[in-house]
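Tertiary structure, described
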Amino acid sequence: MKVTIDKWIGVSTWHWNHAQDEVCGICRVAFDGTCPTCKYPGDDCPLIIGECKHAFHMHCLLKWLTTESSKGLCPMCRRRFKTATE
Amino acid sequence: MLKIWSMKQQQQQEQKEAAANGDGVVKKKVTAAQIRVQKDLTELSLPSTIKTQFPNPDDLLNFLVSIEPDEGMYQGGRFNFTFKINNNFPHEPPKVKCTQKIYHPNIDLEGNVCLNILREDWKPVLNLNAVLVGLQYLFLEPNASDPLNKDAALDLQRNRDGFKRNVRSSMAGGAVAGERFDNVLR
Ligand SMILES: [Zn+2]
Ligand SMILES: [Zn+2]
Ligand SMILES: [Zn+2]
């Protein structure tokens, strides 16, 4: 018997590589979901992780850091928010 | 065959129910603040001394809170607050005001509240539960070091028992140093 494949449909799932805390502490939506201003999860609405190891949707964190009262501090631990470099 | 038929029927029934529940009806755009408030509200786990009330059930951003301390010098009172949450929540804290005129070092005569987590220590990860419990804490441990009503703070600092007596009489609608307060007794 000989089989010819006419067509195939690939399916895959993805997950951010960040297990600690499943939801963003700012909007309380899952990391694998989007921040309230985005429509598509994933690369369009990335996560940002601080030196303090706290993670947020990047858009949620940027919005917080632009408010005067944030003083550049992490919304979780109030240490100066610096993006982790690794 | 029979099984497929009954599954289809069930599916139709579920669709009908969803329609009756108002799902699928065009809704107004829900803001980020509303989504977040809704999550906070469903996660509330409050002691029986704190109650929330929604005068307009469609408006989750404006509501009332009453606190009835079951210990401390404010025990026996019912203290009412309005909560106003704007569309910058959780980047900005809720605006909280006491609707009664009360004698308290951290609440002024207009009802403005001095609570660190509602001001300089606000952070977006704080939820409404934390705010409400923090607000109740003001009645268990009034704090003279960060006053809005300086006279009351001085009173507390100088003579705790005298302050306690003034609190009791103010709560019954009495006057302290010539200033009359609202009766807040339950
Ligand atoms: Zn977020
Ligand atoms: Zn986003
Ligand atoms: Zn942090």
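Here's a quick rundown of the structure. (Residues numbered from 1 in each chain as written. Chains lettered and ligands numbered in written order. Predicted model: local features only at pLDDT ≥ 70, side-chain atom pairs only at ≥ 80, totals over all residues. Heavy atoms only, no water.)

**A look at the coordination of the zinc ion (ligand 2)**
All names here are of chain A. Those protein atoms acting as donors to the zinc ion (ligand 2) are C35 (SG), C38 (SG), C45 (SG) and H59 (ND1), and they sit at 1.9 to 2.4 Å. Note that the zinc ion (ligand 2) binds four donor atoms; their angles at the metal cover 94 to 118°, and the shape is tetrahedral. Sequence spacing of the donor residues for the zinc ion (ligand 2), all on one chain, is C-x2-C-x6-C-x13-H. Residue C35 is found in the segment before β1 (47-49), and its partner C45 is found in the segment before β1; the two are separated by ten residues along the sequence. Take C35: its relative accessible area is 1%, and that puts it in the buried class. The class for C45 is buried, based on a relative accessible area of 0%. (Donors = N, O, S within 2.8 Å, 3.2 Å for Na, K, Ca; no water. Tetrahedral: all angles 85-135°; square planar, octahedral: opposite > 155°, others 65-115°. Helix = DSSP H or I, 4+ residues; strand = E, 2+ residues; numbered from the N terminus. Buried < 20%, exposed > 50% of the residue type's maximum accessible area, 1.4 Å probe, protein only.)

**Brief notes about the interface of chain A and chain B**
Each partner contributes residues to the interface: chain A has 16 residues there, and chain B has 16 residues. Roughly 1300 Å² of surface becomes buried between chain A and chain B when both sides are summed, with 56% attributable to carbon and sulfur atoms. Taken together, the connections running from chain A to chain B amount to one salt bridge. With a shortest N-O distance of 3.3 Å, R28(A) and D40(B) are connected by a salt bridge. Across the contact surface, chain A and chain B share seven residue pairs in polar contact (both at pLDDT 80 or more). Sort the elements by how many residues they give to the side of chain A that touches chain B and helix α1 (residues 58-66) of chain A lands first, with three residues. When grouped by side-chain class, the residues that make up the side of chain A that touches chain B number nine nonpolar, three polar and four charged. (Contact = heavy atoms within 4.5 Å. Buried area = accessible area lost by both parts, 1.4 Å probe. Salt bridge = Lys/Arg side-chain N within 4 Å of Asp/Glu carboxyl O. Polar contact = N/O pair within 3.5 Å; in protein donor to acceptor, adjacent residues only side chain to side chain. Nonpolar A, V, L, I, M, F, W, Y, C, P; charged D, E, K, R; others polar.)

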